[in-house]
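# Examination of the molecular architecture
Letter by letter, the chains look like this.
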Amino acid sequence: MPTPFPGSPTGRRTLLAGLLGTGATLLASCAADPLSPRGPRQPPPPAAAPAPARVVPSRSAVLSAYASKHSGAFGLEVKGIELGLPASARGAALTFDACGGPSGEGYDDALIAALRKHRAPATLFINQRWAAANPGLVRELAADPLFEIANHGTTHAPLASRGQAAYGIPGTASIAAAYDEIMDNQRYLADTFGVQAKFFRSGTAHQDELGAALCRELGLLPMNFTVNLDAGATFPAASVASQTRALRAGDVGIGHFNRPASGTARGVSEALPALLESLAARNLVLLRLSEAFGAQTGAPSA
Ligand SMILES: [Zn+2]
């Protein structure tokens, strides 16, 4: 039976929290460290008239333009952050983060192998610390058309303009630091691996409204999620599987691919056949984020 995409992602999270534990624990994505579509498709945006290349504002221009602006609300779902896919998207999206840091530099090769086995596209958000620790893997993943590489920040800090903290992790303390949190990794991914990331997810996935606006001005879409697949790689495999099977049109699921000891790979692997089958029954597929957002994204030219 088709399940409609819920109007409010909060509703899905609330349900999940009620089923499985406290919201704070469930939403601690990353805190503890803490698709090629098939079937009928919308035609791609016309390529004949490409949008003019975006020019990233300079750091000094950003500092002067944003210094006196209000930071706005801070959280997972504040204004300016994308949660699900556009209404036009004919499918759902899997996203997985690699957070890096002292205990977060692992690689879940079983998860990546499962995605490849089932030809399940995904968007991989990579933090600079993880990329620096795993350059060969970044090259391998970036070269695989099944995957899109996205920006998971430089130091894995919440993207804040006044130092707001999430799960006890201090956010960037100023708009200058927020700029660096986005752009240092953006340039690192571009210069080192030839990757032009189009989506940004901060460490802990928390941002304030000013950070989200800055992100957009820099040419990146701030991207969170509607379904928490692994709660910061803490869910057992059975919970990961049920969360993965729950994805519907417009959903964006978040998991992790830097925690090989977690239940993420087993849960996703177990659920993928049923998920792909249920999507296909509705002429839906798994999508990389750029496929879903199309012309809304524009790679910045630094
Ligand atoms: Zn993370």
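First, a word on scope: everything that follows refers to the structure included in this document. Residue positions are counted from 1 within each chain, in the order its sequence is given. Thresholds applied to this predicted model are a pLDDT of at least 70 for local features of residues and 80 or more for the giving and counting of side-chain atom pairs; totals over whole chains, interfaces and linings are not thresholded and use all residues. Where side-chain values are given, they derive from all heavy atoms of the structure, hydrogens and water being excluded.

### Here's the deal with the overall build of the protein
Secondary structure counts use DSSP, requiring at least four H or I residues in a row for a helix and at least two E residues in a row for a strand, with both numbered from the N terminus. Of regular secondary structure, the protein possesses 11 helices and 14 strands. Burial classification: accessible surface area is computed with a 1.4 Å probe over protein chains only, and a residue below 20% of its type maximum counts as buried, one above 50% as exposed, and the rest as partly exposed. A burial count over the protein gives 55% of its 302 residues as buried. Here the accessible surface of atoms and residues is derived via Shrake-Rupley with a 1.4 Å probe, and residues count as covered only by protein chains that are part of the display. Carbon and sulfur atoms provide 58% of the accessible area of the protein, an area that totals close to 11900 Å².

### With respect to the packing of helix 3 (residues 59-66) against helix 7 (residues 175-193)
Remark: helix 3 packs on helix 7, axes separated minimally by 9 Å, with the N-to-C direction vectors making an angle of 140°. Relative to helix 7, helix 3 is oriented oblique. The handedness of the crossing between helix 3 and helix 7 comes out as right-handed. Residues Arg59, Val62, Leu63 and Tyr66 of helix 3 pack against Ile175, Ala176, Tyr179 and Asp180 of helix 7. Ten residue types, Ala, Val, Leu, Ile, Met, Phe, Trp, Tyr, Cys and Pro, are classed as nonpolar, four, Asp, Glu, Lys and Arg, as charged, and the remainder, Gly among them, as polar. Residues belonging to the contact of helix 3 with helix 7 are distributed by class as follows: six nonpolar, no polar and two charged. For helices, the fitted line uses only the C-alpha atoms of the stretch in contact; every axis is such a line through C-alpha atoms, and the angle between N-to-C directions lies from 0 to 180 degrees. Angles are sorted into four bins: roughly parallel if under 35 degrees, roughly antiparallel if over 145, roughly perpendicular if 65 to 115, and oblique for all others. Left-handed is the label given to a crossing in which the near helix is rotated counterclockwise from the far helix by less than a right angle, and right-handed is the label when the rotation is clockwise. The contact definition used throughout considers only heavy atoms, calling two residues in contact when any of these lie within 4.5 Å.

### A word on the packing of aromatic side chains
Centres within 6.5 Å make a pair out of two Phe, Tyr or Trp rings, where for Trp the six-membered ring is used; the pair is then stacked when the planes are under 30 degrees apart, edge-to-face when over 60, and tilted otherwise. Inspection of every chain in the model, using the stated rule, returns four aromatic pairs. For the pair tyrosine 188 and phenylalanine 193, a centre-to-centre distance of 5.8 Å together with 80° between the ring planes defines the contact as edge-to-face. Judged by relative accessible area, which is 13%, phenylalanine 193 ranks as buried. Grouping aromatic residues by their ring pairs yields a cluster made of Tyr107, Trp130 and Phe257. A cation over an aromatic ring shows up here: lysine 69 above the ring of tyrosine 66, its NZ or CZ 4.4 Å from the ring centre. Sitting over a ring, as applied to charges here, requires NZ of Lys or CZ of Arg to be within 6 Å of the ring centre and within 35 degrees of the ring normal. Arginine 201 extends its terminal NZ or CZ atom over the ring of phenylalanine 125, reaching a point 4.2 Å from the ring centre.

### Section: the side chain of asparagine 258
Here asparagine 258 shows up in the loop between strand 12 (252-256) and helix 10 (264-280). Here the side chain of asparagine 258 touches glycine 104 through a polar contact of 2.8 Å, landing on its backbone oxygen. For this analysis, a polar contact is any N or O atom pair within 3.5 Å, provided that within protein one partner can donate a hydrogen and the other can accept it, and provided that sequence-adjacent residues contribute only side-chain to side-chain pairs.

### Observations concerning the nonpolar core
Formed by 54 residues in total, the largest nonpolar core has its most connected members in Phe96, Leu115 and Phe257. The element contributing the most residues to this core is helix 7, with seven residues. Leave out the neighbours within four places in its chain, and phenylalanine 96 touches Leu111, Leu115, Ala122, Thr123, Leu124, Phe125, Leu229, Gly255, His256, Phe257, Thr264 and Val268. Core analysis: the next-biggest nonpolar cluster, separate from the first, contains 18 residues, Leu76, Phe199, Met223 and Leu289 among them. In these notes, a set of buried Ala, Val, Leu, Ile, Met, Phe, Trp, Tyr and Cys residues joined through side-chain atoms within 4.5 Å is what counts as a nonpolar core.

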